[in-house]
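Letter by letter, the chains look like this.
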Amino acid sequence: MKLTIIRLQQLSAQDRIDLGKIWPDVDCDALEKKLNENHRLYAARFNERLLAAVELNIRGTQGELSKLEVREVTRRRGVGHYLMEEVIAQNPSLTQWWVADDGKADQQVIAAFMQACGFRTQADGWVYTVG
């Protein structure tokens, strides 16, 4: 099967199980209730399972990505990079992208990943401008 990036608007029972593995502290009911045109959830799916996810908040032409996470067993295989590329590609009306530094992960690893995705370091996060 091919890795696909999908926008989730309703969560299936399997999606809820998989999101629990990606984000152990997630409240799937609360997450699903806040999904709309300005608050989106994207995930990487392979063999009917979610391997990674990211939330997108839209304000005008700016997109803010948060909670980017790839399941531990799937890391270092390009899933996160592909997820980022596809989310940006699937939202062509957005020209400014922002990812806040949540301080949770190894800063050197996150910085290298964000730069590999084309983002530039800014105070408290990373920015990407389309075009």
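Before any of the text, the structure's been laid out above.
Residues numbered from 1 in each chain as written. Predicted model: local features only at pLDDT ≥ 70, side-chain atom pairs only at ≥ 80, totals over all residues. Heavy atoms only, no water.

Trainee: What exactly am I supposed to notice about the sheet that holds strand E4 (residues 62-70) here?
Mentor: Each strand in a sheet pairs with its neighbour through backbone hydrogen bonds, running either in the same direction (parallel) or in the opposite one (antiparallel). Strand order in the open sheet formed by 7 strands is E1-E2-E3-E4-E5-E7-E6, with mixed pairing between adjacent strands. If you trace the sheet from one side to the other, it starts and ends with strand E1 (4-8) and strand E6 (120-122), each paired once. In this sheet, neighbouring strand axes are inclined to one another by 30° on average, regardless of whether the strands run parallel or antiparallel. With 7 bridges connecting them, strand E3 (residues 49-59) and E4 associate as antiparallel partners. Considered in E4, the bridge of arginine 59 is made with glutamine 62. (Pairing = 2+ DSSP bridges. Helix = DSSP H or I, 4+ residues; strand = E, 2+ residues; numbered from the N terminus. Axes fitted to C-alpha atoms, helices over the stretch in contact; angles between N-to-C directions.)

Trainee: Whenever I open this one, the packing of aromatic side chains confuses me. Can you help?
Mentor: What characterises a pair of aromatic rings is the spacing of the ring centres plus the angle enclosed by the ring planes. This model, assessed by the stated rule, comprises 1 aromatic pair. Where phenylalanine 119 meets tyrosine 128, the ring centres are 5.4 Å apart and the plane angle is 35°; that geometry is what we call tilted. Residue class for phenylalanine 119 comes out buried when judged on its relative accessible area of 3%. (Phe/Tyr/Trp six-rings, centres within 6.5 Å; stacked < 30°, edge-to-face > 60°. Buried < 20%, exposed > 50% of the residue type's maximum accessible area, 1.4 Å probe, protein only.)

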